[in-house]
Amino acid sequence: MIEWNSTRYADPLELARGQGDPLDLASTNERLYNTVFFGFNNVVRYIRVYSAMCWMAREVEVFLDKTKGLTKAQARDQRTRAMEKIELAVLWASGPEAELSGKTRSFAKDGESQRLTMDQWDMNARLLSAQQYQPSLTNGFKFVKVGLVCTDRGRQLANAFEARLGAPQAHQWLRDVTCLEATSVQIERARGILSVLEPPTAMERQAFTASFFPDDPRDTGEISDSRDEQRWFSLHLVLNTIAQLDQARDAQDEDGIRAAMTSGMTPSARPVIRPGLERSQALWATLQLRLLQRIALETLLAFVIGWVQLHNRAGRRAADCARDIGDAAGQAFLAVGLEKVKDLRAVLAKAQHGQATLALAATATGDQASDVFYYLRELDKLRSGAWHGGQGEWLRLAVTGLAVCAVEADNFMHLPWHQKALDSIVGERTSLTALLASFQRFNDRPLAEWTQELVMAWSFSRYSEVAAHRAVLQNGKLRFDFSEGEFGLELGPPRNAPFKPVWQGDKLYTALVLLRQCGMLEFVDEKWSLTMAGKKRVRDYAPI
């Protein structure tokens, strides 16, 4: 018997993510950051992986063209085995210090031979998987086509890797696509060629950058996909932000870059937005709000789960849970002199200091009340689904974080590019505009009542519909952390680990790492700065 109140928004997005995203908030956030930084995910790190894979893909093409009589199945098996070989060779040569999936595999030592096929290890981790390099190798950067056949871009990378190999007779075990074994001695000799910890060569950088971040697409015509064009603008936003931070000697760590990109301004009041970069900055700022919205709503859900643990099968209902949590939050707000939603709105309006957005106010004044990242950092400290002492302060923080999202969304409605960013996700059931409407609807009512609304409509109802939707996608395998039955709310099967709210990544770090791989950034003393090549990009920038 689940009779939680029905929602007033659109259907949830189709997304099966197991139970790591119980409110299905990640999908919209992923869509946003994949719009900003199209083509790569949060795990890719090294140009060498791309060049090695492209080289082997081309070597297989050459081998298959020369070898007659193979069936399609035999050709497919040969390609699969060869790609496994180069992947394992890169892992072996790179060692455990590399940030690579599957690096914990044990390889032969002391000159012994090792068969380089995946079936030699009881491990599923692969570089060529949908969670690793495969999406960017194919659709993202367009180095290979379906079937792992090199494109023109991929062949440029293959040429760059070939140049590392030296004379044709060098490293024959690697060149021979039918040879599926290597010794530790052979790997050691090829370490400088295969290891991702060795910096990419100028040829590798040039070939990779031509796809990832071409110099001037107006002259070369290297950008034909609008998604690639958006990445090009977003990477320029990153570079220009670092340039402006450096000019005033403001903080140039990842957090400082992220904050300046969000507000559009450095702490020294230097704008980071140039003509053509407005959409990238608006999407980025909207994404940061969505990340706060997710962790704040998941914090409420964590307390719901904790409440159910205390009242398991005790005849208590969802409305009882919402009332208790609302009362706890209300008391916490009263302790700081706030009773109604409009009181909290007034506090945030004061913290905005007349700026166009809360983010600008936080950058200009350092006031944590207007700082999205203050709430993200604080809520990230909870990381627990336990209902424990001090819950009122945590609930107040989560509800205030959601109020910040609503107020900033209202600010965005008055900024053309930001409004377009909001409009791009307006139909999504948990949109920022829906949160703003809820905030405005409760303006004259107590914060305790708004918290109850958030628990009922944004936790219970959202949770139940997402779980039911995923059950359809997973052939009826319905899994609830809690449900409402004859004896009230009751716990479902225990998780392997307690549910924890998530501060979702945004791909900035990966963008910085790839720009460093391309030779445009350096990272020294915890500070990102432009190289000569990076400074030239900033200097030569002009909108497409």
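Residues numbered from 1 in each chain as written. Predicted model: local features only at pLDDT ≥ 70, side-chain atom pairs only at ≥ 80, totals over all residues. Heavy atoms only, no water.

Student: An account of the overall build of the protein chain is needed here, citing residue identities and associated values.
Tutor: What the protein chain contains, in helices and strands, is 23 helices and eight strands. The globule rule puts the C-alpha radius of gyration for 544 residues at 24 Å, and the 26 Å found for the protein chain is close to it. For the protein chain, the spread of C-alpha atoms along the principal axes amounts to about 80 × 55 × 40 Å. Relative to its full complement of 544 residues, the protein chain shows a buried share of 56%. The contacts of the protein chain with a sequence gap of at least 6 include a subset with a gap of at least 24, amounting to 73%. Carbon and sulfur atoms make up 49% of the accessible area of the protein chain, which totals about 22800 Å². For the protein chain, the separation between the mean place of its 66 positive charges and that of its 66 negative charges on side chains is 3 Å. (Helix = DSSP H or I, 4+ residues; strand = E, 2+ residues; numbered from the N terminus. Rg over C-alpha atoms; globule rule 2.2 N^0.38 Å. Buried < 20%, exposed > 50% of the residue type's maximum accessible area, 1.4 Å probe, protein only. Contact = heavy atoms within 4.5 Å. Areas by Shrake-Rupley, 256 points an atom, 1.4 Å probe, with all protein chains shown as cover. Lys, Arg positive; Asp, Glu negative; His and termini not counted. Charge placed at Lys NZ, Arg CZ, Asp CG, Glu CD.)

Student: Could you give an account of helix H1 (residues 26-36), with specific residues and numbers?
Tutor: Along H1, eight of the eleven residues are buried, which leaves the element largely enclosed by surrounding structure. For H1, the full list of buried residues reads Ala26, Ser27, Thr28, Asn29, Glu30, Leu32, Tyr33 and Val36. As for H1, its buried residues are in contact with helix H11 (226-247) and helix H13 (278-310).

Student: Explain unusual backbone geometry to me, using residue names and the numbers behind them.
Tutor: Even without glycine at this site, His171 takes up a positive phi of about 55°. Along the polypeptide, His171 turns up in the loop between helix H5 (152-165) and helix H6 (172-175). Its relative accessible area of 18% is what places His171 among the buried residues.

Student: Got a sec to walk through the nonpolar core? Specific residues and values, please.
Tutor: Counting residues in hydrophobic clusters, the biggest one holds 165 residues, and the most contacted among them are Leu100, Leu194, Phe208, Phe212 and Trp450. With 19 residues, the top contributor of residues to this core is H13. The contacts of Leu100, once residues within four sequence positions are left out, are Tyr46, Val49, Val90, Leu91, Ser94, Leu127, Tyr133 and Val196. (Core = buried A, V, L, I, M, F, W, Y, C linked by side-chain atoms within 4.5 Å.)

Student: Go over the pattern of salt bridges with me, naming the residues and quoting the values.
Tutor: Applying the stated rule across the entire model yields 35 salt bridges. The shortest N-O distance in the salt bridge between Arg227 and Asp225 comes to 2.9 Å. For Asp225, a relative accessible area of 15% corresponds to the buried category. Between Lys536 and Asp540 there is a salt bridge; the shortest N-O distance is 2.6 Å. Separated by four residues within a single helix, Lys536 and Asp540 lie in helix H23 (residues 532-540), roughly one turn from each other. (Salt bridge = Lys/Arg side-chain N within 4 Å of Asp/Glu carboxyl O.)

Student: A description of the environment of Pro493 should follow, citing residues and the corresponding values.
Tutor: Within the element layout of this structure, Pro493 appears in the loop between strand E6 (488-491) and helix H22 (508-517). Residues Pro493 and Ala421 lie 72 residues apart in sequence; the distance between their C-alpha atoms is 39 Å.

Student: Break down the packing of helix H9 (residues 202-212) against H22 for me, with residues and values.
Tutor: Axis separation between H9 and H22 bottoms out at 10 Å; the angle between their running directions is 140°. With respect to H22, the axis of H9 lies oblique. For the pair H9 and H22, the contacting residues are Arg205, Phe208 and Phe212 in the first and Leu514, Leu515, Arg516 and Gln517 in the second. Classifying every residue of the contact of H9 with H22 by side-chain character gives four nonpolar, one polar and two charged. (Axes fitted to C-alpha atoms, helices over the stretch in contact; angles between N-to-C directions. Parallel < 35°, antiparallel > 145°, perpendicular 65-115°, else oblique. Nonpolar A, V, L, I, M, F, W, Y, C, P; charged D, E, K, R; others polar.)

Student: Account for the side chain of Ser136, naming residues and giving values.
Tutor: Summarising the element assignment, Ser136 is placed in helix H4 (residues 134-140). Given a relative accessible area of 2%, Ser136 falls into the buried group.

Student: How would you explain the environment of Thr241 if you had to name every residue and give the values?
Tutor: Tracing the chain through its elements places Thr241 in helix H11. You can call Thr241 buried: its relative accessible area is 0%. Measuring from C-alpha to C-alpha, the distance between Thr241 and Val196 comes to 28 Å, with 45 residues separating the pair along the chain.

Student: Can you tell me about the pairing of strand E8 (residues 527-530), naming the residues and giving the values?
Tutor: Direction of pairing for strand E7 (residues 521-524) relative to E8: antiparallel, over a ladder of four bridges. By the bridge assignment, Val524 is partnered in E8 with Lys527. (Pairing = 2+ DSSP bridges.)

Student: Go over the packing of aromatic side chains, please, and point to the residues and values.
Tutor: This model, assessed by the stated rule, comprises 24 aromatic pairs. On the basis of an interplanar angle of 85° and a centroid distance of 5.4 Å, the ring pair of Phe141 and Phe208 is categorised as edge-to-face. Highlighted residues: Phe141 in the loop between H4 and strand E2 (144-145) and Phe208 in helix H9, separated in sequence by 67 residues. Residue classification places Phe208 among the buried positions, given a relative accessible area of 0%. Between Phe143 and Phe208, the aromatic rings sit 5.9 Å apart at their centres with planes inclined by 35°, giving tilted as the arrangement. On the criterion of sequence distance, the pair formed by Phe143 in the loop between H4 and E2 and Phe208 in helix H9 is long-range, its members being 65 residues apart. An identical accessibility class is assigned to Phe143 and Phe208; each is buried. One cation-aromatic arrangement involves Arg537 over Phe213; the distance from NZ or CZ to the ring centre is 4.3 Å. (Phe/Tyr/Trp six-rings, centres within 6.5 Å; stacked < 30°, edge-to-face > 60°. Lys NZ or Arg CZ within 6 Å of the ring centre and 35° of its normal.)

Student: Tell me about the pairing of E6, and name the residues and values.
Tutor: In this sheet, E6 lies alongside strand E5 (residues 482-485) in antiparallel orientation, the contact comprising four bridges. In the strand pairing of E6, Phe482 is matched with Leu491. What sits between the antiparallel neighbours E5 and E6 is a turn of two residues.

Student: Describe the confidence of the model for the protein chain, listing the residues and the values that go with them.
Tutor: Chain-level statistics for the protein chain give a pLDDT mean of 90 and a share of 92% at 70 or above. In this model, residues 1-18 is a region of pLDDT below 50 whose contacts with residues beyond four sequence positions or in other chains number 55 contacts. (pLDDT = per-residue confidence, 0-100.)

Student: Give a detailed account of helix H12 (residues 254-263), specifying residues and quantitative values.
Tutor: A large share of H12 lies buried, amounting to seven of its ten residues. Within the span of H12, buried status applies to Gly256, Ile257, Arg258, Ala260, Met261, Thr262 and Ser263. Packed against the buried residues of H12 are H11, H13, helix H16 (358-365), helix H17 (372-380), H22 and E8. Phi for Gly264, located one or two positions after H12, is positive at around 85°.

Student: For the packing of H13 against helix H18 (residues 391-412), give the residues involved together with the corresponding values.
Tutor: At their nearest, the axes of H13 and H18 sit 9 Å apart, and the two run at 150° to each other. In terms of their interaxial angle, H13 and H18 are classed as roughly antiparallel. Crossing hand, H13 versus H18: left-handed. Of the residues in H18, those touching H13 at Ala285, Thr286, Leu289, Leu292, Gln293, Ala296, Leu297, Thr299, Leu300 and Phe303 are Gln391, Trp394, Leu395, Ala398, Val399, Gly401, Leu402, Val404, Cys405, Glu408, Ala409 and Phe412. (Left-handed = near helix turned anticlockwise from the far one by under 90°.)

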